[in-house]
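Residue-level structure breakdown
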Amino acid sequence: MIKKAIRHIVQAEPLLFEQSSPGKRGYQLPELDVPVVDAATVLGKGNVRDEIEDFPEVSEFEVLRHFTRLSTWNYAIDLGLYPLGSCTMKYNPRVNELVARTEGLAWAHPYQPERLAQGAMEVVAALEHALVQITGMDAVTLQPAAGAHGEFTGILMIRALLETRGSARKKILVPDSAHGTNPATAMMVGYTVENIKSNDRGMIDLGLLERVVNEDVAGLMITNPNTVGVFEENIKKICQILHDKGALVYMDGANMNALVGVARPGDFGIDVMHLNLHKTFSTPHGGGGPGSGAVAVAEVLTPFLPGPRLKRQADQWAWNYDLPQSIGRVRAFYGNFGVLVRALAYIMAHGGNGLRQATLDALLNANYLRTLLEPYYQIAYNAPSMHECVFSDDRQAKEGVRTGDIAKRLIDYGFHPYTVSFPLIVRGALMIEPTETESKRELDLFADAMISIAKEVEENPELVLKAPHSTRTSRVDEVTAARKPIVRWQPPARVSQAAD
Ligand SMILES: *Cc1c(COP(=O)(O)O)cnc(C)c1O
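Residues numbered from 1 in each chain as written. Predicted model: local features only at pLDDT ≥ 70, side-chain atom pairs only at ≥ 80, totals over all residues. Heavy atoms only, no water.

1. Overview of the pairing of strand E11 (residues 389–392)
Both faces of E11 are covered, namely the face carrying Cys389 and Phe391 and the face carrying Val390 and Ser392. Bridge analysis of strand E10 (residues 378–379) against E11 gives two bridges, and the strand direction is antiparallel. In the sheet register, Gln378 faces E11, and the bridge partner there is Ser392. Pairing between E11 and strand E13 (residues 429–432): four bridges, direction antiparallel. Bridge pairing in E13 links Cys389 to Ile432. (Buried < 20%, exposed > 50% of the residue type's maximum accessible area, 1.4 Å probe, protein only. Helix = DSSP H or I, 4+ residues; strand = E, 2+ residues; numbered from the N terminus. Pairing = 2+ DSSP bridges.)

Listed below in structure tokens is the structure:
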């Protein structure tokens, strides 16, 4: 039962081959007044494709409509709710785009001499300043190109600082609720990773932490609020435990959408953190980039920031390369400059109070959804939700339906699925982050769909197990697709069709 008439995307588009009918053309040419010559003779055999037996024959308008419809398959925040948890898929205000297209910024060249790049440098300086205020940290670099790259930069800086104290140490502690990029980063910088188990409220167990922190530990990588959407209540104490043993605390700030304008990591003792400008501060990132993983540091780490750094000199901005302790460059030029412009536009358009309101709305939306869905789905941890809520498929699993099946059924209701099976510490996780973007109406539609699916699971689990039903292809063999990918294009089997 699909109630409301809103369908964000329709995926039942036939192949062009199936739309073909003999003799259709997208053009009209006068009759030839020269002899016909075979294409292979003129172009050479190697330049003529013979692997497609029959090209589809369609009109120009049919081709246009076909590809326009296909383009809408890229589910986008501009089409509907994008509930992926951890990803912060929020509306990208159009004013960002307007500002990013300003001629002087859009056409600025990275090799432009400093005296001609003062505007672009001012953007960098203003954004660094805004992020220092938002995070409560002491300095910011905008070089890293994404969140994981920011982590890499931050851990390199921890390593550099510890080396000046005599030893880089051996281990980085990572809670079991961490994003996969955290342990990967620690390994990339040459540390071993020690996993620490969360307690039954989805938080770090202080007793356990105290036992594992010793002189071998370089630092802890912690996400706050963490990936189960829960705020680490003991964050100050956690930082204290690490600092007492000469170790540092890295905060994965990808979840800052829950904190901006409300709490500042600098105030609770974090030494270094990254922000995902492409999550918390808008910028379209559904297609995988470009991003920006700005890194903010406390005073002790400022000498190690990547260079060059901006400095003020004779009333002008200039790049300072004289940074003897810097870890060096991590990316060319100004970072992903277009993303920086959008983030600054977003921050300035909202203002301090506006940013705080966005955070409060994000929390309200997540908790509203949690309240609507809790009677039907098992909440993972009985702690207050921040900007996202995590359920498990425990109740549905009794009928043989798992989180992946529910997600696929959601496609039939016209929604992009939530994050499936992550975080790993929740068995059969459904992770939902609506962000501040969504209206009550859209949240109600989504909740209706989820509730309707929960009822289907009880009444007719087969329906859910065979979903999606509204798409051209339903279940694919995911294991074979991963193990034996076919990466070369293959001509589809010819579909015979009567002329219309
Ligand atoms: C998205 C995310 C990252 C990685 O950011 P990228 O920009 O994709 O490299 C790291 N940690 C958390 C918690 C995230 O949500």
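Structure shown, so let's carry the discussion forward.
2. Some thoughts on the domain arrangement of the protein
By the assigned domains, the protein splits into domain 1 (2–71) and domain 2 (87–471). Using C-alpha coordinates to define each centre, domain 1 is positioned 44 Å away from domain 2. (Domains from an automatic or database assignment.)

3. Quick look at the site of the ligand
Inspection of the region around the ligand gives Ser86, Ala146, Gly147, Ala148, Glu151, His179, Thr181, Asp252, Ala254, Asn276, His278 and Lys279 as its neighbouring residues. Within the contact set of the ligand, an oxygen atom lies 2.8 Å away from a backbone nitrogen or oxygen of Ala148. In the environment of the ligand, an oxygen atom lies 3.0 Å from a nitrogen or oxygen atom belonging to the side chain of Asn276. Calculation on the ligand without its partners gives an accessible area of 380 Å², and the protein chains cover 85% of this total. Residue assignment for the shell around the ligand shows that the elements contributing at least two residues are helix H7 (147–164) and helix H11 (277–280). Among the residues making up the shell around the ligand, the classes are represented as three nonpolar, six polar and three charged. (Near = heavy atom within 4 Å. Polar contact = N/O pair within 3.5 Å; in protein donor to acceptor, adjacent residues only side chain to side chain. Areas by Shrake-Rupley, 256 points an atom, 1.4 Å probe, with all protein chains shown as cover. Nonpolar A, V, L, I, M, F, W, Y, C, P; charged D, E, K, R; others polar.)

4. Observations concerning the sheet that holds strand E7 (residues 295–297)
The seven strands lie next to each other as E1-E7-E6-E5-E4-E2-E3, forming an open sheet whose pairing is mixed. The open sheet has two edge strands, strand E1 (139–141) and strand E3 (192–196), and neither has a second partner. Here the average twist between neighbouring strands, direction ignored, is 25°. In this structure, strand E4 (residues 217–223) lies alongside strand E5 (residues 248–252), joined through five bridges in parallel fashion. Bridge pairing links Ile222 to Met251 in E5. Packing of helix H6 (residues 118–135) onto the sheet brings it into contact with E1, strand E6 (272–274) and E7, and relative to E1 it is tilted by some 125°. (Axes fitted to C-alpha atoms, helices over the stretch in contact; angles between N-to-C directions. Contact = heavy atoms within 4.5 Å.)

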